[in-house]
Amino acid sequence: MEVDIRITKDILSKSEIFHKQPERLVTPGDVITTDTGFMRGHGTYMEDDKLHASVAGIVERVNKLICVQPLKTRYNGEVGDVVVGRITEVGQRRWKVDTNSRLDSALLLSSVNLPGGELRRKTTEDELMMRQYLSEGDLISAEVQAVYHDGTLSLHTRSLKYGKLMQGTLVRVSSSLIKRRKTHFHNLPCGAGVILGNNGYIWISSTVNEEMDNTGGFVQDLNPVSLADREVIARLRTCIQGLAGERMMLYDTSILYAYEASLLHTVKDLLKPEVMAEVVSFTSQQLESAL
Amino acid sequence: MPVDRMRICGPEETRHPLVLELCGRPVRLFQDDGTRLDGRSADQIRPMFMKCGVISHAQGSAYIEMDRTKAICAVYGPREFGKREDFSIKGRLTCEFKFATFSCKIRRQQQQDAEEKEFSQILLQSLSPAVCLHKFPKAQVDIYVMVLENDGSALSAALTCGSLALADAGIEMYDMVVACSVKHYCKSTLMDPSASEESELEPEGTSTEEKPAETGLLTVAYMPSLNQLPGMLQTGEMSIATTKQVNSKRAVDCCVLRVLLKRNLLQFIAVSS
């Protein structure tokens, strides 16, 4: 069996597919401007009539507002976002969910649908049965219902398309790469379903049948997934990671183009950096020509 | 930290007898032509290498090399408190400093010993003023620094590395923190001492009346943009005047460091955006 090993110095340094030089880079403590006429945005602070940057990033100016866009931020939730998260804790009448934000989000017992879709008041028996429904380590898809003043998100799964996720793969990317769209649930024509969580967690699974999935994710689906489906999921995962590596925006069209470009190579070959670079450059060309 | 109950160790100050013998030999500070043992002048700092984003699992990470001193830092956070004892409007910072067991001339313990605990406290004390704690209430940021090879100025390397990792993690800070060590011995002041220069030296060629009145090691953390000193550690005996003089010398150093740090970080941003 052939094994491909790279010497470290031969590994390609990040290729400049997009060669646009950012205008102004700052580090924490740098003085952005001494003009006091500007409004302070995120990533800045005022000291001695001078505006300093508080994060390392790019200075953005919109009319009178100056802010610094940092490289990496935690996900800042907004009402209506679709998120994919992992249960970290089962507490009193609530679950704590890790959604790549500063603090764990809360999923209240009153915000979930009971098995079978019943709607009734939750009793003490339901509290004791919480762990049977969702326990630590489970993945869920949910929607942000509210944002508390300290930044904690309150989630809900009050629709049958949200719920526990099974039989699929999770890919984690930066939350800034997910484009805000009307819908985040996509059934790609290649035979896989994708949930693009706004928090940067992406769930890939085999195609979801609309009619069958009206149980709200309660039925434990332990059927083995076929090899063809697994290949599609693996290919999609590598494509998404390649796109994320080049900091390209992720949405259904870009993922689909990347998938089509990757069909020329086997799934294993896609893991090589130069093959991935080729696929990503092809995708970016297609996206630009489509505009 | 749990105490190691499986090994039977003597008190912390005990050393292997062979090592005692090696340490007893006098070490010269300067060569014949006035340069230090590694060819530097008294005011020169060692060449440095820095890199961000070396630990993929952490939110921010940095690696620093000051000639042979190597340190790596990982920053996790902001994330939930481990134990929710009290509600606070400010975030929390925890620092852990550790020498790798193979990093120093004498093998280190697996658990943190008193010196490492002290350095952890200094790290915490020096990095806290730089971080905007009020921006992440109820959350905590964990900083883990490990020194992979200690050839002198390990604490300064750790401080600089820690602040670089915090910037890499995107945590809001008032300013970057740079740190520098200075060794004062008799009348000479050495910037960025290596391990052999840091250790207690036997006086070379001194007569019995004249004893080396002032020897000491000063490590200073500095925030250049705000011109503030968040942390300072001094060991040895130095008069106030000497301390002031030594302090002013390190200011020059720190500015140089700051430029290096900034250039490195900017390069990293440019590549990843």
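**Focus: the overall build of chain B**
Within chain B one finds five helices and nine strands. Secondary structure elements of chain B occur, N-terminal to C-terminal, as α-β-β-β-β-α-β-α-β-β-α-β-β-α. The buried share of chain B, taken over its 273 residues, is 49%. In chain B, the share of contacts with a sequence separation of at least 24, taken over all contacts with a separation of at least 6, comes to 69%. Entry remark: accessible area of chain B is about 13,900 Å², with carbon and sulfur atoms responsible for 55%.

**Here we look at the side chain of A:Asp150**
Along the chain, the position of A:Asp150 falls in the loop between strand E11 (139–147) and strand E12 (153–157). Using a relative accessible area of 11% as the deciding quantity, one classes A:Asp150 as buried. Side-chain polar atoms of A:Asp150 contact the side chain of A:Thr152, separated by 2.7 Å. The contact partners of A:Asp150, leaving out residues within four places of it in the chain, are A:Arg102, A:Leu103 and B:Lys138.

**Examining the pairing of strand E6 (residues 57–62) of chain A**
Successive side chains on a regular strand alternate, one facing one side of the sheet and the next facing the other. Residue and element names in this part refer to chain A. Pairing of strand E1 (residues 25–26) with E6, which is carried by two bridges, proceeds in the antiparallel orientation. The partner of Leu25 across the bridge, within E6, is Ile58. As paired strands, E6 and strand E7 (residues 65–70) are joined by six bridges and run antiparallel to one another. Bridge pairing in E7 places Gly57 opposite Pro70. The loop that links E6 with its antiparallel partner E7 comprises two residues; one of these, Asn63, has a positive phi angle of about 50°.

**With respect to the confidence of the model for chain B**
All names here are of chain B. Averaged over chain B, the pLDDT score is 80; the fraction of residues at 70 or greater is 79%. In the model, residues 205–209 has pLDDT below 50 throughout and makes zero contacts with residues more than four positions away in sequence or in other chains. ipTM for the predicted complex: 0.77, alongside a pTM of 0.82.

**Observations regarding the pairing of strand E8 (residues 215–223) of chain B**
All names here are of chain B. The buried count for E8 comes to nine of nine residues, which makes it a mostly enclosed element. Across the two faces of E8 the burial is the same, with Thr215, Leu217, Thr219, Ala221 and Met223 and Gly216, Leu218, Val220 and Tyr222 all buried. Strand direction decides the pairing type here: strand E6 (residues 178–185) and E8, joined by eight bridges, are antiparallel. Across the sheet, residue Val182 finds its bridge partner in E8, namely Leu218. With antiparallel pairing between neighbouring strands as the criterion, E8 and strand E9 (residues 228–237) make up a hairpin whose turn holds four residues, including Asn227 at a positive phi of roughly 55°.

**Section: the packing of aromatic side chains**
Two descriptors summarise a pair of aromatic rings, namely the distance from one centre to the other and the angle between the planes of the rings. Applying the stated criterion across every chain yields a total of eight aromatic pairs over all chains. Plain terms: the ring middles of B:Phe97 and B:Phe99 are 5.1 Å apart, the flat faces sit at 85° to each other, and that makes the pair edge-to-face. An aromatic cluster of three or more residues is present, and its members are B:Phe97, B:Phe99 and B:Phe119. In this structure, A:Lys64 packs its charged tip against the face of A:Phe38, placed 5.5 Å from the ring centre. Residue placement shows A:Lys179 over the ring face of A:Tyr251; its charged tip is 4.4 Å from the ring centre.

**Side note on helix H5 (residues 273–290) of chain A**
Counted at 1.5 Å a residue, the expected span for H5(A) with its 18 residues is 26 Å, and the 26 Å between its end C-alpha atoms agrees. Looking at the buried positions of H5(A), the neighbouring elements they touch are helix H3 (227–245) and helix H4 (252–262) of chain A.

**What about the nonpolar core?**
One finds B:Val75, B:Leu127, B:Ile143 and B:Leu166 to be the most contacted residues of the largest nonpolar core, which totals 55 residues. With ten residues, helix H3 (residues 154–168) of chain B is the largest single contributor of residues to this core. Every residue in contact with B:Leu166, bar those within four places of it in the chain, is listed here: B:Val75, B:Leu127, B:Val131, B:Val141, B:Ile143, B:Ile171 and B:Met173. Counting residues in each nonpolar core, the second largest holds 31 residues, with A:Leu177, A:Cys190, A:Ile204 and A:Val280 among its members.

**Some thoughts on the sheet that holds E6(A)**
Pairing is mixed in the open sheet, where four strands are placed in the order E1-E6-E7-E3 (chain A). The outermost strands of the open sheet, each flanked by one partner alone, are E1 and strand E3 (39–40) of chain A.

**Observations regarding the sheet that holds strand E17 (residues 201–206) of chain A**
Sheets are built from strands that pair by backbone hydrogen bonding, the pairs being arranged parallel or antiparallel. Residues and elements named next belong to chain A. Pairing is antiparallel across the open sheet formed by four strands, whose spatial order is E14-E17-E16-E15. Pairing within the sheet leaves two strands with one partner each, and these edge strands are strand E14 (168–172) and strand E15 (185–188). When strand polarity is set aside, the average angle formed by the axes of neighbouring strands in this sheet is 20°. With five bridges connecting them, E14 and E17 associate as antiparallel partners. In the strand pairing of E17, Leu170 is matched with Trp203. Relative to E17, H3 is tilted by about 160°, and along the sheet it contacts E14, E15, strand E16 (192–196) and E17. Running over the sheet, H4 touches E15 and E16 and is turned about 25° from E15.

Here is what the cut-offs are and how they apply
Residues numbered from 1 in each chain as written. Chains lettered and ligands numbered in written order. Predicted model: local features only at pLDDT ≥ 70, side-chain atom pairs only at ≥ 80, totals over all residues. Heavy atoms only, no water. Helix = DSSP H or I, 4+ residues; strand = E, 2+ residues; numbered from the N terminus. Buried < 20%, exposed > 50% of the residue type's maximum accessible area, 1.4 Å probe, protein only. Contact = heavy atoms within 4.5 Å. Areas by Shrake-Rupley, 256 points an atom, 1.4 Å probe, with all protein chains shown as cover. Polar contact = N/O pair within 3.5 Å; in protein donor to acceptor, adjacent residues only side chain to side chain. Pairing = 2+ DSSP bridges. pLDDT = per-residue confidence, 0-100. Phe/Tyr/Trp six-rings, centres within 6.5 Å; stacked < 30°, edge-to-face > 60°. Lys NZ or Arg CZ within 6 Å of the ring centre and 35° of its normal. Expected span 1.5 Å × (residues − 1). Core = buried A, V, L, I, M, F, W, Y, C linked by side-chain atoms within 4.5 Å. Axes fitted to C-alpha atoms, helices over the stretch in contact; angles between N-to-C directions.

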